Amino acid sequence: MDVFKNSYLVLLLLHLLATSYMALVVSSAIDPFSDALLSLKSELVDDTNSLGDWSIPSGQNPSQETTILACSWSGVICDKNSTMVIGLDLSMKKLGGRLSGRQFSLFTDLVELNLSDNSLSENLPIQIFNLTNLRTLDISMNNFSGNFPNGSSNMHHLVVLDAFSNSFSGSLPAEVSQIETLKVLNLAGSYFSGSIPSQYGSFKKLEYIHLAGNSLTGKIPPELGQLSMVTHMEIGYNSYEGSIPWQMGNMREIQYLDIAGANLSGSIPNEFGNLTKLKSLFLFRNQFTGFVPAELSNISTLIDLDLSDNQLSGSIPERFSELKNLKLLSLMCNNMGGIFPEGIALLPSLESLLIWNNFFHGSIPESLGRSSKLKWVDISTNNFTGSIPPDICSNGSLLKLILFSNNFSGEISDSLANCSSLVRVRFENNRFSGDISFNFINLPNLTYIDISRNSFTGGIPLDLSNASTLQYFNVSNNPLLEGSLPENIFSLPFLQNFSAFSCGIKGKIPPFNSCESLSIIELNSNHLSGSITETISHCQVLETINLSSNNLTGHLPEEFASLPVLSVLDLSHNQLNGQIPNKFINSSNLKLLNLSFNQISGSVPLRFRTMDVNAFIGNAALCGEPLQSCPTETRLEKGIRRTQNLAWVLIVCACVVLFITATLFGLLYLRRRVNSKWKMVSFNGIPQLTPNEILKSFNSAVSCKAVLPTGITVLVKRMMIKWDAKETMEFITRLGNARHKNLTSLLGVCYNENTAYILYDYSPDGNLAEKLSMKTSWPTKYKIIVGIAKGLVFLHHDCSPPIPHGGLKTVNIVFDENMEPRLAETGFKFLSMTDTGKETGKEELYMDIYNFGQMILEVLTNGNAKHDEVSKPTEALLREIYLENGVVSSKSSIAFQEEIKLVLEAALLCTQNRPSMKDVLQLLVSGLKP
């Protein structure tokens, strides 16, 4: 028996040895570099299988090869003999997960490591800085968080360090200043706090530095003035203290300087006049005071000068006439005044003149536009007088002429009336007179015209129907205009807003034969007569119509009830008769109805009896609440009505009681489960499930699709979170309660002390990054851009406090079954922060806006946008975009070209000026400038 037992043990030992040997043979069959990369792959979440070729082909024995197997894999760069890995480019592969860094010790010859534009998260491994031969390290556009690790000073050959758009916190890494070879440093778009290290002034070869969009405070260190080789510096969108150090006037090689939105005060240093190679200077949205330094005229290379949205005073320096290369002069929203200098009007390169909302006075020089190709002139909200310069469009490039709220007078000149390049005109609130002499057939690009609150005469031009691209027309408050409405005015294919109230217009309302875009009609306070045509039913997107204070007669058309989005209907002070059509009870979106002071009879429908009495007064034969009771109303009917009212009160009370009861039970339920390992919070969209039911529905992957026990399909994201119970739950509750058709809803959170599984709506139709590689029509692209903008407007303006998205990029824009875009992973970046309760402010919102601008450029260029796109001439960029989108010069593409121009303008505005998202959306949908 003992012999048998001993034999069995020997056989078992031999089996174990054989198994170990076979494992060793398999492991040794792979070269160490390929083995390390396979180990790296095992740490990554690769939902799109972008690293699918990282494998060992069947039947191949790599140990017999003298080259590295991985040299044939995507993203792996080897030397010419395939014996050494010298580069690793995993950018834009939609990878997630956390890097351990243990594989990096093998790649000592790596000179390039690019992990950009993925979803890598948690801490950046410190081992990455053992790659001492690296020349390029790009980890931009990920979700790396925590402090930036120590050890970067070991990288003695590093030239480019790009960590743009992550979630790093803590102080900026001071030790990077010890990398003597560094030329590019980009640490923008994270949550770095504290001051800019004074050591950053000691870089010897640095040419590019970008620290914008963080949470930096303190004073800007004067040592930055020692950066003798820097050509590009962006350090704005932070919250500094004090003023700009005058020493920054010593950066003699600087060409691009952006310190916008930085909470700076004091005066602009005169020493900036020494920056004689500067091409772009952006200091807008600060609190600068004092005069604009005349010394800036020494910078003969200056192309862009934006000092807007400050508290600057004084006049425009006469010496600015020496800036012969100046294309953009923006001084808007200051306290400046004085006469506009003749020399500025003669600048040969001037394209954009933006000086609105100041106190300038006098007339505009007649020479404005004669010597340059002006594109954008906005001198509104000043005290200018005189007439429009006659040659302002002589070079045929003028796109926007904004003159409102001044004291201009005279007639519209012939040169402007035939300015074929015009897109937008705003003359409202001036003293212009004479006929509206625009030659609309020669204005093929005009989309927006507002000439209200003037003294025009001669009626609305009959050729307005030739304005084939017109979207917005407002001629209101011209009491001497008179005339009648052109017959085909409502047939313009793109017209959205038509306003002509208080103009003395007579005659009948023309038919609405083709009005598929029309959303606002304002014709109140005129002398219109006749009946309201039944063709109003063709205006299916009409939201507001105001025909009050006219002489209209006839019945109230029941076709108003067929308008699905009608919210404002004002027909008061007319002579309309008949009853309120019963079909009106189906007008569920109607918020304001005014039928007062007409000859309407019958009873007020039950649907409108809660409205204010002022909506119906002045109709002698109309009765029923809120007016006097109808004479024919029986006691039984009164009783029924009172019973109905009582029923509504009881229903409302019951709902309130149920809500309070449900809330109390919910709180008790959560309190009972607070000591359990896993906890679950559900929001509107999924039923209450236990943590176990949730956890059984998916594996532990960082990102996966899951089907819950109820059959609902959700997207699950795993996050490592250090919980602050109160502040974290408050933030998550805000996200969970945010509901909008352009947002992916947060449905619930299953969490313990260190880990959270975030449950989102599942969108099966891909993301924007994937769509960019496909052929997509321009109308579809436009719909996508507007949808994204609407989602951001909701987050920024309709949520209180505002919710920044924090991770806006193409992979985080997903689509529902109707190709409606949805913002995914909203607030994800902030949830991953250790200090979740950190107050988010303007900087985070500005980064959303900047990223939206970049995203628009990607959509316009089918994903081929480069960081230097914004520096290209606009016309050249437009030509490229037209070509990318198949929009050539033809009649059918004119409208598309105009939309593309408008969208490109919005993109550039977002990346350069960071307006509010509400202003951006307004620009996108109606051409209204911020």
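Keep in mind it's a predicted model, so treat the numbers as computed, not measured.

### Concerning the overall build of the protein
Looking only at helices and strands, the protein features 14 helices and 50 strands. When the 930 residues of the protein are sorted by exposure, 53% land in the buried category. The contacts in the protein between residues at least 6 apart in sequence include a share of 53% that link residues at least 24 apart. With the model as given, the accessible surface of the protein reaches about 39,700 Å², and the carbon-plus-sulfur share is 53%.

### Describing the packing of helix H9 (residues 778-798) against helix H11 (residues 842-860)
Look at H9 against H11: their axes get within 11 Å of each other, and the N-to-C directions meet at 175 degrees. In terms of orientation, H9 and H11 fall into the roughly antiparallel class. Here H9 contributes Trp778, Lys781, Ile785, Ile788, Ala789, Leu792 and His796 to the contact with H11, which in turn contributes Leu845, Asp848, Ile849, Phe852, Met855, Ile856, Val859 and Leu860.

### Brief notes about the sheet that holds strand S40 (residues 577-579)
On the basis of which strands lie adjacent, the open sheet formed by three strands has the order S40-S42-S43 and parallel pairing. Both outer strands of the open sheet, S40 and strand S43 (622-623), are each paired with one neighbouring strand and no more. As judged from the three bridges shared by S40 and strand S42 (residues 599-603), these two strands associate in the parallel manner. From the neighbouring strand, asparagine 577 faces S42, where its bridge partner is glutamine 599.

### Regarding the pairing of strand S12 (residues 191-194)
Here strand S10 (residues 167-171) pairs with S12 via three bridges, running parallel. Across the sheet, residue glycine 170 finds its bridge partner in S12, namely phenylalanine 192.

### Examining the packing of aromatic side chains
This structure, assessed with the given rule, holds 24 aromatic pairs. Ring geometry for phenylalanine 490 versus phenylalanine 512: centroids 4.6 Å apart, planes at 20 degrees, classification stacked. One end of the pair, phenylalanine 490, is in the loop between strand S32 (472-474) and strand S33 (497-499); the other, phenylalanine 512, is in the loop between strand S34 (506-508) and strand S35 (520-522), and 22 residues separate them in sequence. No difference in accessibility class separates phenylalanine 490 from phenylalanine 512, as the two residues are buried. Every member of this aromatic cluster is reached through a ring pair, and the members are Phe360, Phe384, Phe408, Phe427, Phe432, Phe438, Phe440 and Phe456. Just above the ring of tryptophan 376 sits the side chain of lysine 400; from NZ or CZ to the centre is 3.1 Å.

### A look at the state of the cysteines
For the structure shown, the criterion picks out four disulfides. Two residues share a disulfide in this structure: cysteine 71 and cysteine 78, whose sulfurs sit 2.0 Å from each other. Taking the sign of the S-S torsion, about -95 degrees here, the bridge from cysteine 71 to cysteine 78 comes out left-handed. Per residue, the accessibility class of cysteine 71 equals that of cysteine 78, and both read buried. Cysteine 623 shares a disulfide with cysteine 630; S-S distance 1.9 Å. Handedness here is read from the sign of the S-S torsion; for cysteine 623 and cysteine 630, about 95 degrees, the answer is right-handed.

### Examining the nonpolar core
Judged by nonpolar contacts, the single largest core of 177 residues is most densely connected at Tyr200, Met233, Leu257, Phe427, Phe498, Phe560 and Phe616. Going through the elements one at a time, helix H2 (32-43), strand S2 (76-78), strand S3 (85-89), helix H3 (342-345) and helix H4 (414-417) are the ones with two or more residues in this core. Residues in contact with methionine 233, not counting those within four places in the same chain, are Ile209, Leu224, Leu227, Met248, Met251, Ile254, Tyr256, Leu257 and Asp258. Ile732, Leu746, Leu878 and Leu902 belong to the second-largest nonpolar core, a separate cluster that totals 74 residues.

### Side note on the sheet that holds strand S38 (residues 551-552)
The parallel open sheet is built from three strands, whose spatial order is S34-S36-S38. Of all the strands in the sheet, just S34 and S38 have a single pairing partner and so form its edges. Relative to strand S36 (residues 527-530), S34 runs parallel, the two sharing three bridges. Across the sheet, the residue bridging to lysine 506 is histidine 527, located in S36.

### Describing the environment of leucine 590
With respect to the element layout, leucine 590 can be found in the loop between S40 and strand S41 (592-594). Note on leucine 590: relative accessible area 6%, which makes it buried. Taking the C-alpha atoms as reference points, leucine 590 and leucine 566, 24 residues apart in sequence, are found 5.8 Å from one another. Look past the residues within four positions of leucine 590 in its chain and what remains in contact with it is Leu566, Ser567, Val568, Leu569, Arg607 and Phe608.

### Focus on the pattern of salt bridges
Counted according to the given criterion, the structure contains 14 salt bridges. Where arginine 319 meets glutamate 322, a salt bridge forms, and the shortest distance between an N and an O atom there is 3.8 Å. Assessed through its relative accessible area of 40%, glutamate 322 is described here as partly exposed. Note that arginine 426 and glutamate 428 form a salt bridge whose closest N and O atoms lie 2.6 Å from each other. Comparing arginine 426 with glutamate 428, the two get one shared label, buried. Salt bridges sharing partners connect three or more residues here, namely Lys400, Arg424 and Glu905.

### Re the confidence of the model for the protein
The pLDDT averaged across the protein works out to 84; a share of 86% of its residues lies at or above 70. Low pLDDT, under 50, characterises residues 633-637; the stretch is placed with four contacts to residues that sit more than four places away or in other chains.

### Considering the pairing of strand S27 (residues 407-410)
Judged from the two bridges that link them, strand S25 (residues 383-386) and S27 form a sheet pairing that is parallel. When the sheet's bridge partners are listed, threonine 385 is paired in S27 with asparagine 407. For S27 and strand S29 (residues 431-435), the ladder comprises two bridges, and the chain directions are parallel. Along S29, the bridge assignment pairs serine 409 with arginine 431.

### Overview of H2
Helix length check: H2, at twelve residues, gives a terminal C-alpha distance of 17 Å against a target of 16 Å (1.5 Å per residue), a fit within 8%. Three or more residues of H2 are buried, namely Phe33, Ser34, Ala36, Leu37, Leu40 and Glu43. Along the axis of H2, the buried positions cluster into a sector of 170 degrees, meaning they face one direction only. Contacts made by the buried residues of H2 are with strand S1 (44-45), S2, S3 and strand S4 (96-97).

### Here's the deal with the environment of threonine 67
As for its position among the elements, threonine 67 is in the loop between S1 and S2. Note on threonine 67: relative accessible area 34%, which makes it partly exposed. Put simply, threonine 67 and asparagine 81 are 14 residues apart on the chain and 7.4 Å apart in space, counted from C-alpha to C-alpha. If sequence neighbours within four positions are ignored, threonine 67 has contacts with Asn81 and Ser82.

### Observations regarding the environment of asparagine 407
Checked against the element boundaries, asparagine 407 lands in strand S27. For the pair asparagine 407 and glycine 362, spaced 45 residues apart in sequence, the C-alpha to C-alpha distance is 9.6 Å. Residue contacts for asparagine 407: discarding those within four places in its chain leaves Asn383, Phe384, Thr385, Gly386, Asn430 and Arg431.

Criteria and cut-off values
- Residues numbered from 1 in each chain as written.
- Predicted model: local features only at pLDDT ≥ 70, side-chain atom pairs only at ≥ 80, totals over all residues.
- Heavy atoms only, no water.
- Helix = DSSP H or I, 4+ residues; strand = E, 2+ residues; numbered from the N terminus.
- Buried < 20%, exposed > 50% of the residue type's maximum accessible area, 1.4 Å probe, protein only.
- Contact = heavy atoms within 4.5 Å.
- Areas by Shrake-Rupley, 256 points an atom, 1.4 Å probe, with all protein chains shown as cover.
- Axes fitted to C-alpha atoms, helices over the stretch in contact; angles between N-to-C directions.
- Parallel < 35°, antiparallel > 145°, perpendicular 65-115°, else oblique.
- Pairing = 2+ DSSP bridges.
- Phe/Tyr/Trp six-rings, centres within 6.5 Å; stacked < 30°, edge-to-face > 60°.
- Lys NZ or Arg CZ within 6 Å of the ring centre and 35° of its normal.
- Disulfide = S-S within 2.5 Å.
- Core = buried A, V, L, I, M, F, W, Y, C linked by side-chain atoms within 4.5 Å.
- Salt bridge = Lys/Arg side-chain N within 4 Å of Asp/Glu carboxyl O.
- pLDDT = per-residue confidence, 0-100.
- Expected span 1.5 Å × (residues − 1).
- Arc of directions from axis to C-beta.

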